[in-house]
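For reference, the chains in residue letters:
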Amino acid sequence: MLNIILFGPPGAGKGTQSEKIIGKYGLTHISTGDLFRKHLSEGTPLGKEAQRYMDQGNLVPDKVVIGMVDQFLKEHQDAEGFLFDGFPRTVAQAQALDALMEQKDMHIAVMIALEVDHQELVKRLQLRGETSGRSDDQHIDKIENRIQVYHRETLPVATYYEKQDKLEKVNGVGSIEEIFSSISNVIEKHV
Ligand code: AMP
């Protein structure tokens, strides 16, 4: 079983690369952002709770996120492996994920961190905002806040996995195929 975390700031290309990774390696994709947007569109209580954080580009509280991930793992017990996208985003979430994995006799093989400079991130998110319909992509202040939140709350998660010798950095600027090829090279070391 292969479990991978795809890590990086908003706009790094995690969603695009996730699609390619799951296609090639037969992994089950879990994007906490996508799950929240699904709850939102279905108007569930969880969606309503998450909305006020998402609208401002802030993180949804750890307890809510971890509960949702736990539920997802329970519902996909026959998965060949998971690709975590946009999770964990805090050290508390990373610790909770390690505990969940241990309970299920699973482990994280590698964290692949996509690196993209600030100016490029803002450019990509603004461009995406023209078509994504995502309110958090529409305003420059929300975009900047999400990047700030990433630096403040999420970046320490990379250090957490680096200490476990599981961090692999990949250049996230280039063509989709070039980046996917770099990611595949990292994954090949773990299959
Ligand atoms: P994303 O699609 O990954 O950019 O996530 C969109 C929004 O959903 C984020 O700005 C957060 O408000 C929320 N969100 C997604 N994943 C998480 C997470 N792991 N922890 C906290 N909030 C999250």
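The structure reproduced in this document is the subject of the present report. (Residues numbered from 1 in each chain as written. Predicted model: local features only at pLDDT ≥ 70, side-chain atom pairs only at ≥ 80, totals over all residues. Heavy atoms only, no water.)

For an α-helix the count is 3.6 residues per turn, leaving residues at separations of three or four pointing the same way. Taking 1.5 Å per residue as the helical rise, helix α7 (residues 140-163) with its 24 residues ought to reach 34 Å, and the 34 Å between its terminal C-alpha atoms agrees with that figure. For α7, the principal kink sits at H151 and spans about 45°. Among all positions of α7, only K142, I143, R146, I147, V149, Y150, T154, V157, A158, Y160 and Y161 are buried. Looking at the buried positions of α7, the neighbouring elements they touch are β1 (4-7), α3 (45-56), α5 (91-103), β4 (110-115), α6 (118-129) and β5 (167-171). (Helix = DSSP H or I, 4+ residues; strand = E, 2+ residues; numbered from the N terminus. Expected span 1.5 Å × (residues − 1). Bend = angle between axes of the 7 residues up to and from the residue. Buried < 20%, exposed > 50% of the residue type's maximum accessible area, 1.4 Å probe, protein only. Contact = heavy atoms within 4.5 Å.)

Moving on to the nonpolar core. Inside soluble globular proteins, nonpolar side chains tend to come together where they are buried. Core analysis: the largest hydrophobic core is formed by 32 residues, its most contacted members being F84 and Y161. Elements supplying a minimum of two residues to this core: β1, α2 (32-42), α3, α4 (62-75), β3 (82-85), α5, β4 and α7. (Core = buried A, V, L, I, M, F, W, Y, C linked by side-chain atoms within 4.5 Å.)

All right, on to the pattern of salt bridges then. Under the counting rule described, the total for this entry stands at 15 salt bridges. Put simply, E177 and K20 hold a salt bridge, and the shortest N to O gap is 2.8 Å. Linking E177 in helix α8 (residues 176-188) with K20 in helix α1 (residues 14-25), this pair joins segments that are 157 residues apart in sequence. Here E177 falls in the partly exposed class, since its relative accessible area comes to 48%. Ionic pairing is found between E42 and K38, a salt bridge with its closest N-O pair at 3.4 Å. With E42 and K38 both in helix α2 and 4 residues apart, this pair spans about one turn of that helix. Each of R128, R134, D136, D137 and R146 takes part in one network of salt bridges that share partners. (Salt bridge = Lys/Arg side-chain N within 4 Å of Asp/Glu carboxyl O.)

Surrounding the ligand, one finds 15 residues, the nearest of these being T32, R37, N58, G86 and Q93. Within the contact set of the ligand, an oxygen atom lies 2.6 Å away from a backbone nitrogen or oxygen of N58. In this structure, a nitrogen atom belonging to the ligand sits 3.0 Å away from a main-chain N or O atom of V60. Bound to the protein, the ligand loses 95% of the 480 Å² it would expose on its own. Examining the composition of the shell around the ligand, we find that 4 residues originate from one element, α2, more than from any other. Of the residues assigned to the shell around the ligand, the class counts are 6 nonpolar, 5 polar and 4 charged. (Near = heavy atom within 4 Å. Polar contact = N/O pair within 3.5 Å; in protein donor to acceptor, adjacent residues only side chain to side chain. Areas by Shrake-Rupley, 256 points an atom, 1.4 Å probe, with all protein chains shown as cover. Nonpolar A, V, L, I, M, F, W, Y, C, P; charged D, E, K, R; others polar.)

Glancing now at the side chain of D136. Inspection of the secondary structure assignment puts D136 in the loop between α6 and α7. Separated by 2.9 Å, the side chains of D136 and R134 make a polar contact. If near-sequence neighbours (up to four positions away) are discounted, D136 is found in contact with M54, K142, I143 and R146.

With that settled, consider the environment of M111. The residue M111 is located in strand β4 in this model. Given a relative accessible area of 0%, M111 falls into the buried group.

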